[in-house]
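Given next are the chains, with one letter for each unit.
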Protein chains: 2
Amino acid sequence: MNRQDLFSLIKKKKSFLSVGLDTDIRRIPAHLQKLEDPIFEFNKQIIDATYAYAVAYKPNVAFYEAHGVKGWESLQKTIEYIPEDCFTIADAKRADIGNTSNMYARCFFEEMPFDSVTVSPYMGEDSVKPFLQHEGKWAIVLAATSNPGHFDFQDLITQGQGEKLYEVVLKKSAQWGTPDNMMFVVGATRVESLVTVRTIVPDHFLLIPGVGAQGGDLEQVCKYGMNKQCGLLVNSSRGIIYASPEKDFADVAGKEAQSIQLQMEAQLSKFF
Amino acid sequence: MNRQDLFSLIKKKKSFLSVGLDTDIRRIPAHLQKLEDPIFEFNKQIIDATYAYAVAYKPNVAFYEAHGVKGWESLQKTIEYIPEDCFTIADAKRADIGNTSNMYARCFFEEMPFDSVTVSPYMGEDSVKPFLQHEGKWAIVLAATSNPGHFDFQDLITQGQGEKLYEVVLKKSAQWGTPDNMMFVVGATRVESLVTVRTIVPDHFLLIPGVGAQGGDLEQVCKYGMNKQCGLLVNSSRGIIYASPEKDFADVAGKEAQSIQLQMEAQLSKFF
């Protein structure tokens, strides 16, 4: 999916919600546990219930991989089930030397039809570029994450301009791609970083996890992060998919997604 | 496998060779291509032929993942086939927020019986710690890699002590674990870094890729990297497994591994 199509989708659905499919077998309602593939069945019902309110789905690959071959089967079925008019994100945090990143790109862009994959920048240019060489596909590079560990390295001040590491990551990696094939991960709890991020990459889309369970504030995120093509995909995982642990989990997830969509609609109406 | 057992294995086999199983379907000899699982069949013969000379096997997970579910089946069969007295490395470069890293650790330490997994440090402490909480298992943290992109971020000078980012990564992450559950990746082409690395982490094992195809020099690596428990696992992938593209690939791989083992034996004899 290209940038213009993504923006059109956002305007059509009045939403920039990404639903995170961090599907943990231990949190799936009891009545699904006896089915052959509880993870896929759970995802299917979550997707059906939230489709009207979401523009993107983000399976967290670790939750599938934890079950080995069987988990990869659930992931494959899930990506095939997600409607084609949604943007899909393999949240995989991959990257390695060039020939190996090529293999990861083959996995998520050819073997599976994901639109994008999250990428870790530590190994530099040749580890990121293979994800940028697939027409209509995206690398979403980790910049400023919202977990406690972000202080350890991302916020280190570097010599020279006195920039933080994540600022250098944004500046350098923005040169390897364009706003049409690269996005960045910026945590929702780091509103102060958003101002800095937008001075460095005004046009890129940002993937913002951490609204909801991790405590981010949607209004603040929009105030400092939105650009002229929206430029935001805000993800909620646990807050939606585990909103109810009972048989009504999909209905309640749908209502939760709708509630976020309405807040997003209000924010979008200020700009578009 | 614990550190003492690894050192005993090194002394017994007079080798600290890790064989990298970067098994690319396009480079597997023609006569294997018609079999049901050419990747596993190739690995099986490589393992049989190199077992006498290697202490570790390192499947590069991307090469399996590129084939989706089928690739994960090949990986599962491979890890189950590697003899139990070898050290096994899932070269996966994983890491994410804590609950997600937990899932990756479950994958490689519980679902599959790997001894260790390579871990990317960018997201900091809570992304690495879940890999340290499994008895007898190891996190191998990326420090100074040998690919061209290492200059982009790993070598940035940070404010304060004027250390490079990879030095800060070594210092901080060494505090999260011990030499009994953490190793570091240091590229073989970066001999000048090895001196620095050993002043920061004298006791840890280092995983050194890049000897052979990537141009590293074994003698230099040993001179600057070896410690009193050897402290080195030197990996060779392409130089061994693709030494011959013909039917004799396994025999030639075995001879290549033996040749490296003999060089390692000569180096070890200087110290032990």
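What counts and how
- All residue numbers here refer to positions counted from 1 along the written sequence of the relevant chain.
- Each chain gets a letter, beginning with A, and each ligand a number, beginning with 1, in the order they are written.
- Owing to the predicted nature of the model, reporting of local features is limited to residues with pLDDT of at least 70; listing and counting of side-chain atom pairs is limited to 80 or more, with chain, interface and lining totals taken over all residues.
- When the copies are superposed, the least-squares fit draws on C-alpha atoms of residues that have pLDDT of at least 70 in both.
- It is the C-beta atoms, placed from the backbone, that decide contacts: two residues are in contact if theirs lie within 7 Å.
- Axis definition: a line fitted to C-alpha atoms, limited for helices to the stretch in contact. Angles are taken between N-to-C directions and run from 0 to 180 degrees.
- Helix numbering and strand numbering both begin at the N terminus, where a helix is a DSSP run of H or I of at least 4 residues and a strand a DSSP run of E of at least 2.
- If an angle is under 35 degrees, it is roughly parallel; if it is over 145, roughly antiparallel; if it lies from 65 to 115, roughly perpendicular; otherwise it is oblique.
- Each crossing gets its handedness from the near helix: less than a right angle anticlockwise from the far helix is left-handed, clockwise is right-handed.
- Note on residue classes: Ala, Val, Leu, Ile, Met, Phe, Trp, Tyr, Cys and Pro are nonpolar, Asp, Glu, Lys and Arg are charged, and everything else, Gly too, is polar.
- Pairing between two strands is assigned when DSSP locates at least 2 bridges connecting them.
- Confidence of the prediction at every residue is given by pLDDT, a number between 0 and 100.
- For every residue, the other C-beta atoms within 10 Å of its own C-beta are counted; 20 or more classify it as buried, 12 or fewer as exposed, and values in between as partly exposed. C-beta atoms are placed from the backbone.

Chemist: What exactly am I supposed to notice about the relation of the copies chain B and chain A here?
Modeler: Both copies of the chain are related by one operation, a rotation about an axis with a shift along it. Overlay of chain B on chain A (RMSD 0.0 Å): rotation 180°, translation along the axis 0.0 Å. Seen this way, the second copy is the image of the first under a two-fold rotation axis. It is Thr158 of chain B whose C-alpha, among those of chain B, lies nearest the rotation axis, at 2.1 Å. The share of interface residues of chain B whose copies in chain A are also at the interface is 100%, consistent with both copies meeting through the same surface.

Chemist: What should I look at first to understand the packing of helix H9 (residues 191-200) of chain B against helix H10 (residues 218-225) of chain B in this one?
Modeler: Packed helix pairs are specified by the crossing angle of their axes together with the interaxial distance, meaning the distance between the axes. Residue and element names in this part refer to chain B. Relative orientation of the contacting elements H9 and H10 amounts to 20°, with a least axis distance of 9 Å. Considering the angle they form, H9 stands roughly parallel to H10. At the point where H9 passes H10, the crossing takes the right-handed sense. Residues Val191, Leu194, Val195 and Arg198 of H9 form the contact with H10, whose own contacting residues are Gln220, Val221, Tyr224 and Gly225.

Chemist: In this structure, what is going on with the interface of chain B and chain A? I would like to understand it.
Modeler: Chain B puts 50 residues into the contact, and the matching count from chain A is 50 residues. Tallying contributions element by element places helix H5 (residues 98-111) of chain B first for the side of chain B that touches chain A, with seven residues. Its residues assigned to classes, the side of chain B that touches chain A comprises 23 nonpolar, 16 polar and 11 charged.

Chemist: Explanation requested: the sheet that holds strand E4 (residues 116-119) of chain A in the structure shown.
Modeler: Strands belonging to one sheet form pairs held by backbone hydrogen bonds; the direction of such a pair is parallel or antiparallel. Residues and elements named next belong to chain A. Judged by pairing direction, the barrel is parallel, and its eight strands sit side by side in the order E1-E2-E3-E4-E5-E6-E7-E8 before closing back on the first. Averaged over all neighbouring strand pairs, the angle between strand axes comes to 30°, with direction disregarded. Those strands touched by helix H8 (residues 165-176) are strand E5 (138-144) and strand E6 (182-186), and its axis lies near 155° from that of E5. Of the strands in this sheet, strand E7 (205-208) and strand E8 (232-236) touch helix H10 (residues 218-225), which is tilted by about 160° from E8.

Chemist: Please explain the confidence of the model for chain A as it appears in this structure.
Modeler: Interpretation of the predicted coordinates at a detailed level should be avoided for regions scoring low in pLDDT. Per-residue confidence for chain A gives a mean pLDDT of 96, with 98% of residues at or over 70. Both scores are given for the predicted complex: the pTM is 0.97, the ipTM 0.96.

Chemist: Looking at this model, I keep getting lost on the environment of Glu135 of chain B. Mind explaining?
Modeler: All names here are of chain B. Looking at where Glu135 falls in the secondary structure, it is placed in the loop between helix H6 (125-128) and strand E5 (138-144). Glu135 sits in the exposed class, given 7 other C-beta atoms within 10 Å. In this structure, the C-alpha to C-alpha distance between Glu135 and Asn2, residues 133 residues apart in sequence, is 8.8 Å.

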